[in-house]
Amino acid sequence: MELDWKNLGFQYLPTHGHIQCDFADGKWGEPEFKTDPHLSLHVAANALHYGQAIFEGLKAFRTADGRVVIFRPDRNAERMRLSAGRLVMEAPSEALFLSACKRAVEKNLDFVPPYGTGASLYLRPLLIGTEATVGIKPSDTYSFIVLVTPVGPYYKSGFNPVEALVMRDYDRAAPRGTGRAKTAGNYAASLLPGLLGKKKGFPIILFADPKEGKYVDEFGTSNFIGITPGGEYKTPVSESILQSITNESLQVLAADMGLKVVCGPIALDALDQFSEVGACGTAAVITPIHAVHDGDRVTRFGAKDKAGETLTKLYKELQGIQYGEVPDRHGWLVRV
Ligand SMILES: Cc1ncc(COP(=O)(O)O)c(C=O)c1O
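Residues numbered from 1 in each chain as written. Predicted model: local features only at pLDDT ≥ 70, side-chain atom pairs only at ≥ 80, totals over all residues. Heavy atoms only, no water.

1. Describing the site of the ligand
Short version of the rule: In this text, near means that some heavy atom of the residue lies within 4 Å of the molecule or strand in question. A 3.5 Å cut-off defines polar contacts: any pair of N or O atoms within that distance qualifies, except that in protein one atom must be a possible hydrogen donor and the other a possible acceptor, and neighbouring residues in sequence count only when both atoms are side-chain atoms. Surface accessibility in these figures is a Shrake-Rupley result with a 1.4 Å probe; residues are shielded only by whichever protein chains are displayed. Only DSSP runs of H or I with at least four residues qualify as helices, and only runs of E with at least two residues qualify as strands; both kinds are numbered from the N terminus onward. Ten residue types, Ala, Val, Leu, Ile, Met, Phe, Trp, Tyr, Cys and Pro, are classed as nonpolar, four, Asp, Glu, Lys and Arg, as charged, and the remainder, Gly among them, as polar.
Close contacts around the ligand come from 16 residues, with Tyr 187, Glu 218, Ser 244, Thr 246 and Thr 282 the closest. The separation between an oxygen atom of the ligand and a polar side-chain atom of Tyr 187 is 2.5 Å. Note that a nitrogen atom of the ligand is positioned 2.6 Å from one of the side-chain N or O atoms of Glu 218. Summarising the interface, the protein chains cover 95% of the accessible area of the ligand, which totals 390 Å² for the free molecule. If you list the elements that add at least two residues to the shell around the ligand, you get helix 5 (245-256) and strand 15 (276-281). For the shell around the ligand, the class distribution of residues is four nonpolar, eight polar and four charged.

Set out below in structure tokens:
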């Protein structure tokens, strides 16, 4: 497949097909490879009306020595189980999740971008309730799908600092709501605040904790990490945050580098403790944040045009592992 690999955006491009596996009569059927990207879905399907819809996001990479690897799919399988539990859905086993991911990549090997282009193959596992329901209840039938699409870097400007806005008018999730689960509905709810942020000139927004509005929760689609001059890696803990697998991995690498990893509440009025702040997630790994605007208060971190030293090191280390340039010492890569 010849695509303009170096200039891919973060958008859907058609591939050869996806894997689909259906749950009915209390069991999962045989996974199938499908070339038609359209689903046949009942008009009364639960996912469409009552929102039994969850998903995952992870990447496959072509490494320096020519392997094709998926980054930590076992962690996404686990998170999909957690999300499914919250929405009372039937989750695929880890074995089914992993085999569907591997097969989706195998069937689209020529869409895995060449090493050195900075691009990757994005995997999107999706689980939806398919039963026709009018009375509100969990679906008895489900479709588990893994689709893939080649992507370039999330932000066109690359690993460059951006400014973030604290969203004071809307919450991403309720204190005991679905913030920890990767539900489609959470993203629908975040569209308006995201658009309002962009209208005000901010590519990224930061949500406060929904209970008191005093603490950092997370960015629109990524976790918050802060580095202190004393060598601490700090990240919030909250019931309403999606547990980022990138954050989990960076914490391990930060500890390897001798940083002290501190997971706990971070007050929005104490952001000046940080010399570096980043937003982390699968799509961009780390987006350096050089200023956070909260009403009239602006807190700045480091240089406007250059990411800080520690976040740059962490970014390079994680990307290095993903592209097979740095030894996979924690066993995070699953070969296809
Ligand atoms: C709300 C939210 N938080 C955090 C993340 C980062 O999670 P991960 O590192 O697993 O991609 C994402 C992206 O999936 C997200 O949508």
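Once you've had a look at it, read on.
2. Comments concerning helix 3 (residues 94-106)
Stated precisely, the cut-off is as follows: To estimate the expected span of a helix, count its residues, drop one, and scale the result by 1.5 Å. Burial status follows relative accessibility: with a 1.4 Å probe on protein chains alone, a residue under 20% of its type maximum counts as buried, one over 50% as exposed, and anything between as partly exposed. As used here, the arc is the angular range of directions from the helix axis to the C-beta atoms.
The terminal C-alpha atoms of helix 3 lie 18 Å apart, and with 13 residues this matches the ideal 18 Å at 1.5 Å per residue to within 8%. Every buried residue belonging to helix 3 is among Leu 96, Phe 97, Ala 100, Cys 101, Ala 104 and Val 105, and all of these are buried. For helix 3, the angular spread of buried residues about the axis comes to 160°, placing them on one side.

3. Notes on the packing of aromatic side chains
Our working rule: Any pair of Phe, Tyr and Trp rings, taking the six-membered ring for Trp, is counted once the centres come within 6.5 Å. Such a pair is stacked with planes under 30 degrees apart, edge-to-face with planes over 60 apart, and tilted for the rest.
Within the structure shown, the criterion is met by eleven aromatic pairs. Seen in terms of ring centroids, Phe 97 and Phe 144 are 5.8 Å apart; in terms of plane orientation they differ by 25°. Their pairing is stacked. Linking Phe 97 in helix 3 with Phe 144 in strand 8 (residues 142-151), this pair joins segments that are 47 residues apart in sequence. On the basis of relative accessibility, which here comes to 1%, the residue Phe 97 falls in the buried class.

4. Brief notes about the environment of Thr 15
Quick note on the threshold: The contact rule is simple, with two residues in contact once any of their heavy atoms fall within 4.5 Å.
Positionally, Thr 15 belongs in the segment before strand 1 (18-24). The class of Thr 15 is buried, set by a relative accessible area of 18%. Sequence spacing of Thr 15 and Asn 108 is 93 residues, and the spatial spacing of their C-alpha atoms is 6.7 Å. Look past the residues within four positions of Thr 15 in its chain and what remains in contact with it is Asn 108, Phe 111, Val 148, Thr 149 and Pro 150.

5. Notes on the nonpolar core
Here is the rule: What makes a nonpolar core is a set of buried Ala, Val, Leu, Ile, Met, Phe, Trp, Tyr and Cys residues whose side-chain atoms join them at distances within 4.5 Å.
Ranked by internal contacts, the top residues of the largest apolar core, which has 29 residues, are Val 105, Leu 123, Leu 127 and Phe 144. Where this core is concerned, the elements lending two or more residues are strand 1, strand 5 (58-62), strand 6 (68-71), helix 2 (73-86), helix 3, strand 7 (120-129) and strand 8. By residue number, the principal contributor to this core is helix 3, which donates six residues. Not counting the four nearest positions on each side in its chain, Phe 144 is found in contact with Ile 19, Gln 20, Cys 21, Trp 28, Met 80, Pro 92, Leu 96, Phe 97, Ala 100, Pro 125, Leu 126 and Leu 127. Among the nonpolar cores identified, the runner-up in size contains 21 residues, and Leu 250, Cys 280, Tyr 323 and Leu 333 belong to it.

6. Section: the domain arrangement of the protein chain
Here is the rule we go by: Domain delimitation in this document rests on an assignment produced automatically or drawn from a domain database. Take the accessible area each of two parts loses on contact, using a 1.4 Å probe, and add the two losses: that sum is the buried area. By definition, a salt bridge exists where a carboxyl oxygen of Asp or Glu is found within 4 Å of a side-chain nitrogen of Lys or Arg.
Entries for the protein chain in the domain assignment read domain 1 (5-151) and domain 2 (162-321). Computed from C-alpha atoms alone, the centre-to-centre distance between domain 1 and domain 2 is 26 Å. Overall, the association of domain 1 and domain 2 removes approximately 1,500 Å² of surface from exposure, summing both partners, and the carbon and sulfur fraction of that is 61%. Applying the counting rule to domain 1 against domain 2 returns two salt bridges. Taken together, the links from domain 1 to domain 2 amount to ten residue pairs in polar contact (both at pLDDT 80 or more). Going through the elements one at a time, strand 4 (53-55), strand 5 and helix 2 are the ones with two or more residues in the side of domain 1 that touches domain 2. Ranked by the residues each element gives to the side of domain 1 that touches domain 2, the list is headed by helix 2, at six residues. Looking at the side of domain 1 that touches domain 2, its residues break down into nine nonpolar, three polar and six charged.

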